[in-house]
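These are the residues of each chain, in order.
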Amino acid sequence: MKRIDQTVLQWKRYFINPTRDRATEIDINTFVEKHPSLKELLGEMENNDQFIEAIKLYNSLSQDDDHMANDPILTKILDRIQETTEIQPVNKMKWFSYALAGIAACAALVMGILWLQPSQPIKQPDTMELATNILPGKNGVRLSMSDGWNVELRSDEGGIITGDQLRYSDGSPLFDDGTQVNDAVMTLSVPRGNDFYVVLADGTKVWMNAESELCYPQTFAGENRVVQLTGEAYFEVAKDKSKPFIVETVNQRIEVLGTHFNVNAYPTERKSAVTLVEGRIAVSIEGQKERVLYPGQQALVTQKHLEVGDVNVDEYIAWKNDEFMFNEESLVEAANRIGRWYDLDIDVDPALKDIHLWGSVPRRENFGQVLKLIQLTNKNVKVEIEGRRVRFMK
Amino acid sequence: MGKLGGDYMDREMENTIFLNNMCNGEVEGLTTAYRLYRQPLLFFVIRYVGSREVAEDIVADIFVKAWNARTKLRRIDSLRAYLYVMAKNASLNYLRRPQAMSLEDVPADFEETLLEDDDIFGNILRTELIKSIMEEVDRLPLKQQEVFRYTFLEDMSVEEISEKLQLSATAVYANRSRAIATLRELLMKKGLVVTFSLLHTLFLQ
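From a predicted model like this one, the values you see are computed outputs, not experimental measurements.

> Would you take a moment to explain the overall build of chain A for this structure?
Of the regular secondary structure elements, chain A holds 11 helices and 22 strands. Contacts in chain A between residues at least 24 apart in sequence constitute 46% of all its contacts with a sequence separation of at least 6.

This is the structure we're talking about:
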């Protein structure tokens, strides 16, 4: 609208000022050439009578502030929005945080009861015992390099730092024998049941969730910093205005200068999401114009459609803070996340498709804690565990 | 400059506040939006449908839709562009003509789309131009304002005006030409405000 405002100002000055300047005249005529419909408007303005008619019409539509309160159009609008607001909660954000606080309080209370009577809500105590023994994994994070090296990383470190020397987060070298790697393309693969983080050559930090893969160069040469991601990761991109940072996933491209955001793009799921915590990013998918995101917004890609909306960011980055957070998430969707983290094959009975989960649990804990939360939501959910196979039934 | 600059900042502040209110689901925000855009939108829609009554219904619909899309309308420009595009679509719908553009999602800035649609661009320009001229008139000293309105909007003769305002004919003439001169002056000053707003835009975006 800036362009429109400038044009409005230019035209207004041109018509009110008797000493018309030649430059503006040429400017306006060139503009009219490009936009034929403006020819009509220009003609109207040159013809004083027509223009004054337009001004009269505009003026007849005015309404002073005193009468605004009784304006029938406004009354109609307010009646109609009141109908819709009653159905939808007005401020979902606030509402959600109150609800969460409430749930936390209830959960604490019920957890206490659960503790005293562990066998009551869970019909099969042996299932709970099995569940308690299921923990997130520890091994299997691999780093492969374009020059042929492929190493399994020590998970106890939790992260690696990219540089001329490849190091663990405690500073110890990746290769004990002093092997040098130069200008390689790295692929960091985090399996199910694990998470890991990497500091890239430019200082950007990437936290990777289970079953995710990040492909990045050992050093960023060229105009952009480009990495490829499959799965989920949280990025804290180091600021460098001269070199945009680009994350590519199967179907989207995220361009940033320096900011914090979460990308969730599992090829097995029908939705992928980019959630912005800080700064500003541009998200695009093939064949569509890029969309700019502001903090607190999420770009959701379903099939070939990109949609931007407001979300509660905490929900989407909870995993990075070692938490599972559910806000009315369907059991089916939640099962994917949970399964990925505990490396379980979870099967959900279609009869449970309307069950939605609420609340949060620490995810470093055993699977039993998650089960308790699920059973808090709905006591009728039955669980069967057999090795790494879990079935939720009615 | 100081005063005009101040007005500009006040307006920006007011916009931010009411947009925020609206986004948060507060009805006062919508009422403010309505107060600001009611008149130009009615004018804009009448241009298509030719009837004030129909235009009032359409305008009511548009604001209900804007309310439902409020979380996507965080910037004043998005809101304004959204309202105009919806207004055109609703008008064409009423006239049973195919719609100009789909509004399933609301881009942060419609500007490019608007510039591509010649017809909507022309009509927005007409509306905004008249709106802003009338805003300038509102800034005139009271006597000049009255003379201006009676002369141009109510087609009153100099004699009628001088009788109504208890002024001599010479005074009416003087006020009329002063009104036009003041308008001109205001517009020149406004040039500074535009530069200022451009700077403002450049630094904030």
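> Explain the overall build of chain B to me, please; I cannot follow it from the model alone.
Broken down by element type, chain B carries nine helices and zero strands. Put simply, chain B runs from its N terminus to its C terminus through helices and strands in the order α-α-α-α-α-α-α-α-α. A total of 205 residues make up chain B; the buried ones form 35% of that total. Sequence-distant contacts, at least 24 apart, represent 57% of the contacts inside chain B between residues at least 6 apart.

> Explanation requested: the nonpolar core in the structure shown.
In globular proteins that are soluble, nonpolar side chains generally tend to be buried together. Counting 72 residues, the largest nonpolar core has A:Val206, A:Met208, A:Leu214, A:Ala233 and A:Val263 as its most contacted members. Leave out the neighbours within four places in its chain, and A:Ala233 touches A:Val206, A:Trp207, A:Met208, A:Asn209, A:Ser212, A:Leu214 and A:Val263. Of all hydrophobic cores here, the second largest spans 57 residues; its members include B:Ala33, B:Val45, B:Leu83 and B:Ile161.

> Hey, could you run me through the confidence of the model for chain B in this one?
A low pLDDT score tells you not to read the predicted coordinates there in detail. Residue and element names in this part refer to chain B. Of the residues in chain B, 72% reach a pLDDT of 70 or more, and the chain-wide mean stands at 74. Low confidence marks residues 1-6, where pLDDT is under 50. Its contacts with residues over four positions away, or in another chain, come to seven contacts. For this predicted complex, the interface confidence reaches an ipTM of 0.79, while the overall pTM sits at 0.47.

> Looking at this structure, how should I read the sheet that holds strand β22 (residues 389-393) of chain A?
The strands making up a sheet associate through hydrogen bonds between their backbones, and the pairing can be parallel or antiparallel. Residue and element names in this part refer to chain A. The sheet built from three strands is open, its strands ordered β19-β22-β21 with mixed pairing. The two strands at the open ends of the sheet, each matched to only one other strand, are β19 (345-348) and β21 (382-386). Adjacent strand axes in the sheet meet at a mean angle of 15°, parallel and antiparallel pairs treated alike. Note that β21 and β22 share five bridges and pair antiparallel. In the strand pairing of β22, valine 383 is matched with phenylalanine 392. In this fold helix α10 (residues 331-342) packs onto β19 and β22, with an angle of close to 170° to the strand it touches most, β19.

> What is the right way to look at the pairing of strand β9 (residues 225-236) of chain A in this model?
Residue and element names in this part refer to chain A. With four bridges connecting them, strand β7 (residues 205-208) and β9 associate as antiparallel partners. The partner of valine 206 across the bridge, within β9, is phenylalanine 235. With three bridges connecting them, strand β8 (residues 212-217) and β9 associate as antiparallel partners. Bridge assignment links glutamate 213 to a residue of β9, and that residue is threonine 230. Here β9 pairs with strand β10 (residues 245-248) via four bridges, running parallel. What sits directly across from arginine 225, in β10, is phenylalanine 245.

> So what exactly am I meant to see when it comes to the packing of helix α2 (residues 27-49) of chain B against helix α4 (residues 76-94) of chain B here?
Helix-helix packing is characterised by the crossing angle of the two axes and by the distance between the axes. Residues and elements named next belong to chain B. At a minimum axis distance of 10 Å, the contact between α2 and α4 shows a crossing angle of 35°. Handedness of the α2/α4 crossing: right-handed. Residue-level inspection shows Ala33, Tyr37, Leu41, Phe44, Val45, Tyr48 and Val49 of α2 in contact with α4, the latter providing Leu79, Leu83, Tyr84, Ala87, Ser91 and Tyr94. Counted by class, the contact of α2 with α4 contains 12 nonpolar, one polar and no charged residues.

Rules of the game
- Residues numbered from 1 in each chain as written.
- Chains lettered and ligands numbered in written order.
- Predicted model: local features only at pLDDT ≥ 70, side-chain atom pairs only at ≥ 80, totals over all residues.
- Helix = DSSP H or I, 4+ residues; strand = E, 2+ residues; numbered from the N terminus.
- Contact = placed C-beta atoms within 7 Å.
- Buried ≥ 20, exposed ≤ 12 C-beta atoms within 10 Å, placed from the backbone.
- Core = buried A, V, L, I, M, F, W, Y, C linked by C-beta atoms within 7 Å.
- pLDDT = per-residue confidence, 0-100.
- Pairing = 2+ DSSP bridges.
- Axes fitted to C-alpha atoms, helices over the stretch in contact; angles between N-to-C directions.
- Left-handed = near helix turned anticlockwise from the far one by under 90°.
- Nonpolar A, V, L, I, M, F, W, Y, C, P; charged D, E, K, R; others polar.

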